[in-house]
Structures are given as C-alpha cells and as structure tokens.
Amino acid sequence: MTANPRGPNAVDRHVGSRIRLRRQLLNLSQEKLGEELGVTFQQVQKYERGTNRVGAGRLWNLAKVLDVPVSFFYDGVAESIGQPGFSEGDQTPIVDDFIQSADGVALAQAFARIKDSKVRRRILELVRTLAAEEAEATATGAAS
C-alpha cells in the first residue's frame, strides 16, 4: 500500500504539534485561535493533529496571531522526522516530548515567570536531585 501523496506527512504533523505548543503556551483555546484565523475550532484541531495541511497564507496568519516567526513551526523538523545528518544532539527528542506534554507546558510557563536566577538554579538542582534519586531507586529495584 502506498502513502497518499496528497495526505499529511511527518512535516505536516510536526508543524501541527508546533501550532499546538505555541497555542498552549499562550493559553489560547482552539476556539479562540480559530476565531482569530477565521476558521472553526475543528479546523484548528485538524491542523494541530496534522490531518489537514496548513497552507502558506494560513501559516503566515498563524505566525502573526501566535506572535512567532514562520520558521518557528519548522524548528526541529529534521529531528522529528528522523532525517539523518541534521540532528542537533540526543536532547532534542527529550525536549520535544517534554514541552509537548501538558505537564511540560505548565512547568515551562511557571518556570518562565520566575525572574530570580538563584531561585531558578535551585529549582533546577531540585529536579536533578529528584531525577537522580528516581534513577537510583529504579536501578536498585531492577538489581534486586
């Protein structure tokens, strides 16, 4: 069975995930974004899932409404589609997965509101410590 050449592909899905990410970071509902674009919230859902392609004009409008450059929607596309030779390192998939989760978005929003760099460093150290403890507990549990 061959892929539908007119159907969405990995790049369409990546662009959709970036639309969803930015919308969530701005605390916009799909309905509100749809109103700003002149489309239904169902159409926004289809864009975000990558089931409908986003045309050039619509992408331009999305960039304006979401206050990002058009290139934002393509950031990390080579890594997300597994194109060899374009990887930025092993951390990119981890970051992408994290920031696309509801917890990741909420944590990033809250962390961004903390302006004191000392507090931010303390939070980072806390998270590192908790992660190390969990990894150690998992390793110890696996060994027994």
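Each remark here, short or long, concerns the structure printed above.
In this text the structure is predicted, and so the values were computed from the model without any measurement.

**Quick notes on the pattern of salt bridges**
Across all of its chains, the model carries five salt bridges by this definition. Of the charged contacts in the structure, one is a salt bridge between D75 and R18, with a shortest N-O distance of 3.6 Å. Here D75 is found in the loop between helix 4 (56-66) and helix 5 (77-80), whereas its partner R18 is found in helix 1 (residues 10-25), with 57 residues between them in sequence.

**Quick notes on the environment of N52**
Structurally, N52 can be placed in the loop between helix 3 (41-49) and helix 4. Among residues more than four places away in sequence, those in contact with N52 are Q43, K46 and Y47. Here Q43 takes part through its side chain, which lies 3.5 Å from a polar atom of the side chain of N52.

**Remarks on helix 1**
Relative to the 22 Å expected for 16 residues at 1.5 Å per residue, helix 1 spans 23 Å between its end C-alpha atoms, a close match to the ideal helical length. Within helix 1, the full set of buried residues consists of D12, H14, V15, G16, S17, R18, I19, L21, R22 and R23. The opening residue of helix 1, the one whose side-chain oxygen lies 2.9 Å from the backbone nitrogen of V11, is N9. Following helix 1 by one or two positions, N27 adopts a phi angle in the positive range, close to 55°.

**Some words on the side chain of R22**
The topology assignment puts R22 in helix 1. The charged side chain of R22 is buried without a salt bridge, its nearest counter-charge being D67 at 4.5 Å. Setting aside residues up to four positions removed in sequence, R22 forms contacts with L66, D67, V68 and F72.

**Here's the deal with the nonpolar core**
Grouped together as the largest cluster of nonpolar side chains are 18 residues, with contacts concentrated most on I19, L33, V54, L59, L62, L66 and F73. Of all the elements in the fold, those that place two or more residues in this core are helix 1, helix 2 (30-37), helix 3 and helix 4. For this core, the leading source of residues is helix 4, giving four residues. If we skip the residues at most four places from it in the chain, L59 touches V15, V54, V70, F73 and Y74.

**So, the packing of aromatic side chains**
Aromatic ring pairs are reported here in terms of the distance separating the ring centres and the angle at which the planes meet. In the structure shown here, the tally under the stated rule is one aromatic pair. Relative to F73, the ring of F72 lies with its centre 5.6 Å away and its plane at 80°, an arrangement referred to as edge-to-face. Here the guanidinium or amino end of R18 rests over the ring plane of F72, the centre of that ring lying 4.0 Å away.

Scoring rules and cut-offs
- Residues numbered from 1 in each chain as written.
- Predicted model: local features only at pLDDT ≥ 70, side-chain atom pairs only at ≥ 80, totals over all residues.
- Heavy atoms only, no water.
- Salt bridge = Lys/Arg side-chain N within 4 Å of Asp/Glu carboxyl O.
- Helix = DSSP H or I, 4+ residues; strand = E, 2+ residues; numbered from the N terminus.
- Contact = heavy atoms within 4.5 Å.
- Polar contact = N/O pair within 3.5 Å; in protein donor to acceptor, adjacent residues only side chain to side chain.
- Expected span 1.5 Å × (residues − 1).
- Buried < 20%, exposed > 50% of the residue type's maximum accessible area, 1.4 Å probe, protein only.
- Lys, Arg positive; Asp, Glu negative; His and termini not counted.
- Core = buried A, V, L, I, M, F, W, Y, C linked by side-chain atoms within 4.5 Å.
- Phe/Tyr/Trp six-rings, centres within 6.5 Å; stacked < 30°, edge-to-face > 60°.
- Lys NZ or Arg CZ within 6 Å of the ring centre and 35° of its normal.

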